[in-house]
Amino acid sequence: MLLHLRSRLLNPSFSSVLNASSRPTPTPSSLSFRASISQKPNSHYASAAKSSRPSPISEAAQFVRTVLFVPPGVDPDEVTEDMVLPGSNIVIGPYAGDAKIKEVDFVKSSNRPKDCPKDDRPEFAMLGRSNVGKSSLINFLVRKKDVALTSKKPGKTQLINHFLVNRSWYIVDLPGYGFANAPESARMDWSSFTKGYFLNRETLVSVLLLIDASVPPQKIDLDCANWLGRNNIPMTFVFTKCDKMKGGKGRRPDQNIQDFQELIRGNYRQHPPWIMTSSVTGLGRDELLLHMSQLRNYWDNE
Ligand SMILES: Nc1nc2c(ncn2[C@@H]2O[C@H](COP(=O)(O)OP(=O)(O)OP(=O)(O)O)[C@@H](O)[C@H]2O)c(=O)[nH]1
Ligand SMILES: [Mg+2]
């Protein structure tokens with residue numbers, strides 16, 4: 001199982017969509033949510049890892065921990081291949097379930113983090129370079145064409161937009177960063193605006209950090225991932241545009257994804273969750289919703 005898994009994860013390929021079936025009821029845990037879901041690169045740098053006492057875990061469990069995302073409630077020694085979502089490194093555990101989207105309502109746009117909805121529903125924030133496909137991913141997840149506004153021009157989304165799903169959790173569309181080609185009017189100070197949201201939003205379950213798989217790894221995305229990690233903000237890498245097999249200037253999406261993983265691998269003792277998607281072909285939709293359900297259900301039970 002190890003060898004097969006190793007080659008599958010180190011060489012991402014396009015796989016079929018998993019049937020998101022319902023899962024057993026989760027068992028509440030006393031573990032702290034952020035502590036167990038987040039990746040904390042600061043404390044996970046290789047040097048820090050070397051100085052800590054060796055833990056008596058098996059080679060298989062060690063491999064699983066460094067490459068796979070093992071959610072709360074799963075013993076790394078008991079992970080089997082069928083627990084890993086296709087097109088991802090995500091292990092599905094006992095908290096996954098109730099992943100279907102039945103209804104979605106736009107709630108509000110806020111231009112300051114403190115104007116965001118004030119309730120305790122869990123939320124997921126879409127973050128990524130301008131034009132990476134954040135708004136498209138929201139429409140793709142909720143299976144509606146125009147819930148979130150999309151555009152070929154970068155800088156379309158300029159406010160923090162809250163969408164309420166099944167009246168119980170939020171998806172948040174955020175302005176993109178890295179407006180290299182955006183009109184002057186669309187530029188903004190991402191550092192003070194969006195960073196304030198990340199640092200203060202207590203109901204944020206995870207950031208979905210979107211990375212364009214049709215281009216080679218970009219420094220700004222790596223910097224963003226490291227900033228989130230240093231600030232202990234849980235994240236999932238969502239690779240977008242995986243349908244663009246010819247990839248224009250760049251290499252094929254699977255090669256770009258592999259290069260991105262290699263660039264960040266050294267920073268994390270436990271690899272953050274990642275998943276391949278395409279809002280054109282539907283790749284990864286059910287898998288991403290299932291992953292979000294396990295993070296959310298764990299958060300709800302904490
Ligand atoms: N081929 C392909 N194109 C995509 C995909 N996702 C988004 N796009 C296209 O990429 C462009 C930008 O999409 P948006 O969803 O508006 O991007 P955004 O990240 O919300 O952009 P900002 O709001 O400007 O930050 C649009 O032309 C989309 O049609 C995808 O999976 N595959
Ligand atoms: Mg947008």
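Per an unreviewed UniProt entry, the recorded name for the chain is GTP-binding protein, and the organism is Sesamum alatum. Check the Cofactor (unreviewed entry) section of the UniProt entry for the chain; it says "Mg(2+)". Reading the Sequence similarities (unreviewed entry) entry of the UniProt record for the chain gives the comment "Belongs to the TRAFAC class TrmE-Era-EngA-EngB-Septin-like GTPase superfamily. EngB GTPase family."

**Student:** Before we move on, could you go through the overall build of the chain and cite the residues and values that matter?
**Tutor:** Secondary structure summary: the chain contains ten helices and seven strands in total. Counting the 302 residues in the chain, one finds 52% classified as buried. Excluding contacts between residues fewer than 6 apart, the proportion of contacts in the chain whose partners are at least 24 apart in sequence is 76%. Just so you have it, the chain exposes about 14,100 Å², and 50% of that area is on carbon and sulfur atoms.

**Student:** Mind laying out the environment of Val238, listing which residues take part and the relevant values?
**Tutor:** Examined against the element boundaries, Val238 turns out to sit in strand β6 (residues 235-240). Using a relative accessible area of 0% as the deciding quantity, one classes Val238 as buried. As for Val238 and Leu137, which are separated by 101 residues in sequence, their C-alpha atoms are 9.5 Å apart. Contacts of Val238, omitting those with residues within four sequence positions, involve Leu137, Leu208, Leu209, Leu210, Ile211, Ile275, Thr277 and Leu288.

**Student:** Could you give me a rundown of the packing of helix α6 (residues 134-142) against helix α10 (residues 285-301), with the residues and numbers involved?
**Tutor:** Relative to each other, α6 and α10 sit at 90 degrees, their axes nearing to 10 Å. Taken together, α6 and α10 sit at an angle that is classed as roughly perpendicular. Taken together, the residues of α10 that come into contact with α6 (itself represented by Leu137, Phe140 and Leu141) are Arg285, Leu288, Leu289 and Met292. A class-by-class count of the residues in the contact of α6 with α10 yields six nonpolar, no polar and one charged.

**Student:** Describe the pattern of salt bridges, naming the residues involved and giving the relevant values.
**Tutor:** Under the defined criterion, the tally for this structure stands at eight salt bridges. The residue Arg112 makes a salt bridge to Asp115 at a minimum N-O spacing of 3.0 Å.

**Student:** If you had to explain unusual backbone geometry to someone new, which residues and values would you point to?
**Tutor:** Negative phi characterises most residues that are not glycine, and trans characterises most peptide bonds. One non-glycine residue, Arg143, lies in positive phi territory at about 55 degrees. The topology assignment puts Arg143 in the loop between α6 and β3 (160-165).

**Student:** Got a sec to walk through the sheet that holds strand β2 (residues 123-128)? Specific residues and values, please.
**Tutor:** To summarise the sheet geometry, strands pair through backbone hydrogen bonds and adopt either a parallel or an antiparallel arrangement. Across the sheet, which stays open at both edges, the seven strands sit in the order β1-β3-β4-β2-β5-β6-β7 with mixed pairing between neighbours. Each edge of the open sheet is held by one strand with a lone partner, namely β1 (104-110) and β7 (274-276). Neighbour-to-neighbour, the strand axes of this sheet turn through a mean angle of 25 degrees, independent of strand direction. Pairing of β2 with strand β4 (residues 169-173) involves four bridges; the strand directions are parallel. Paired with Met126 across the bridge in β4 is Asp173. Packed on one face of the sheet, α6 meets β1, β2, β3, β4, β5 (204-212) and β6 and runs near 150 degrees to β4. Across the sheet, helix α8 (residues 219-230) touches β2, β5 and β6, and the angle it forms with β5 is around 165 degrees.

**Student:** Before we move on, could you go through the environment of Asp221 and cite the residues and values that matter?
**Tutor:** Along the chain, Asp221 falls in helix α8. Asp221 gets classed as buried once you look at its relative accessible area, which sits at 1%. For the pair Asp221 and Ile92, spaced 129 residues apart in the sequence, the C-alpha separation amounts to 26 Å. Setting aside chain neighbours within four positions, we find Asp221 in contact with Arg129, Tyr177, Leu209, Ile211 and Phe260.

Thresholds, definitions, all that
- Residues numbered from 1 in each chain as written.
- Chains lettered and ligands numbered in written order.
- Predicted model: local features only at pLDDT ≥ 70, side-chain atom pairs only at ≥ 80, totals over all residues.
- Heavy atoms only, no water.
- UniProt positions renumbered as here; feature names shortened; annotations may be inferred.
- Helix = DSSP H or I, 4+ residues; strand = E, 2+ residues; numbered from the N terminus.
- Buried < 20%, exposed > 50% of the residue type's maximum accessible area, 1.4 Å probe, protein only.
- Contact = heavy atoms within 4.5 Å.
- Areas by Shrake-Rupley, 256 points an atom, 1.4 Å probe, with all protein chains shown as cover.
- Axes fitted to C-alpha atoms, helices over the stretch in contact; angles between N-to-C directions.
- Parallel < 35°, antiparallel > 145°, perpendicular 65-115°, else oblique.
- Nonpolar A, V, L, I, M, F, W, Y, C, P; charged D, E, K, R; others polar.
- Salt bridge = Lys/Arg side-chain N within 4 Å of Asp/Glu carboxyl O.
- Pairing = 2+ DSSP bridges.

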